[in-house]
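Understanding the architecture of this molecule
These are the residues of each chain, in order.
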Amino acid sequence: MPKMKTNSGAKKRFTLTGTGKIKRKHAYKSHILTKKTNKQKRNLTHAGLVDSTDLNNVKFMLCLK
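Nothing here was measured: the structure is a model prediction, and the numbers come from that model. (Residues numbered from 1 in each chain as written. Predicted model: local features only at pLDDT ≥ 70, side-chain atom pairs only at ≥ 80, totals over all residues. Heavy atoms only, no water.)

Across its full length, the protein holds 3 helices and 3 strands. From first element to last, N terminus to C terminus, the protein shows the α and β order α-β-β-α-β-α. On C-alpha atoms alone, the protein measures out to a radius of gyration of 15 Å, which is more than a quarter above the 11 Å that the 2.2 N^0.38 rule sets for 65 residues. Summarising its shape, the C-alpha atoms of the protein cover approximately 50 × 25 × 20 Å along the three principal directions. Sorting the 65 residues of the protein into buried and exposed places 14% on the buried side. Considering only contacts within the protein whose residues lie at least 6 apart along the sequence, 50% involve residues at least 24 apart. With the model as given, the accessible surface of the protein reaches about 5,800 Å², and the carbon-plus-sulfur share is 55%. (Helix = DSSP H or I, 4+ residues; strand = E, 2+ residues; numbered from the N terminus. Rg over C-alpha atoms; globule rule 2.2 N^0.38 Å. Buried < 20%, exposed > 50% of the residue type's maximum accessible area, 1.4 Å probe, protein only. Contact = heavy atoms within 4.5 Å. Areas by Shrake-Rupley, 256 points an atom, 1.4 Å probe, with all protein chains shown as cover.)

Right, here's the structure in full:
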């Protein structure tokens with residue numbers, strides 16, 4: 001049986017918190033920022049948590065399940 005491999009894209013995008021939740025960053029903050037409002041750019045700066053509907057898929061990609 002081969003070893004389980006972590007998805008390389010997922011390990012760069014997600015981090016595990018101390019309580020077991022998975023932290024993520026918001027999308028749409030890399031380019032074409034001139035048409036976005038200051039409020040929108042500021043709110044995209046803050047990190048969020050992975051939604052419960054996506055949690056199983058992300059854990060599978062990170063080999064946590």
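Don't stop here, the text continues.
On to the nonpolar core. Core analysis: the biggest nonpolar cluster contains 6 residues, these being A10, F14, I22, V50, V58 and L62. Those residues in contact with I22, other than ones at most four positions away along the chain, are F14, T15, L16, G48, L49, V50, L55, V58, K59 and L62. (Core = buried A, V, L, I, M, F, W, Y, C linked by side-chain atoms within 4.5 Å.)

Positive phi outside glycine occurs at Y28, with the angle close to 70 degrees. Tracing the sequence through the fold places Y28 in the loop between β2 (22-24) and α2 (38-45). One non-glycine residue with positive phi stands out, namely C63, at about 55 degrees. Mapped onto the elements, C63 comes out in the segment after α3 (55-61). Residue classification places C63 among the partly exposed residues on the basis of a relative accessible area of 27%.

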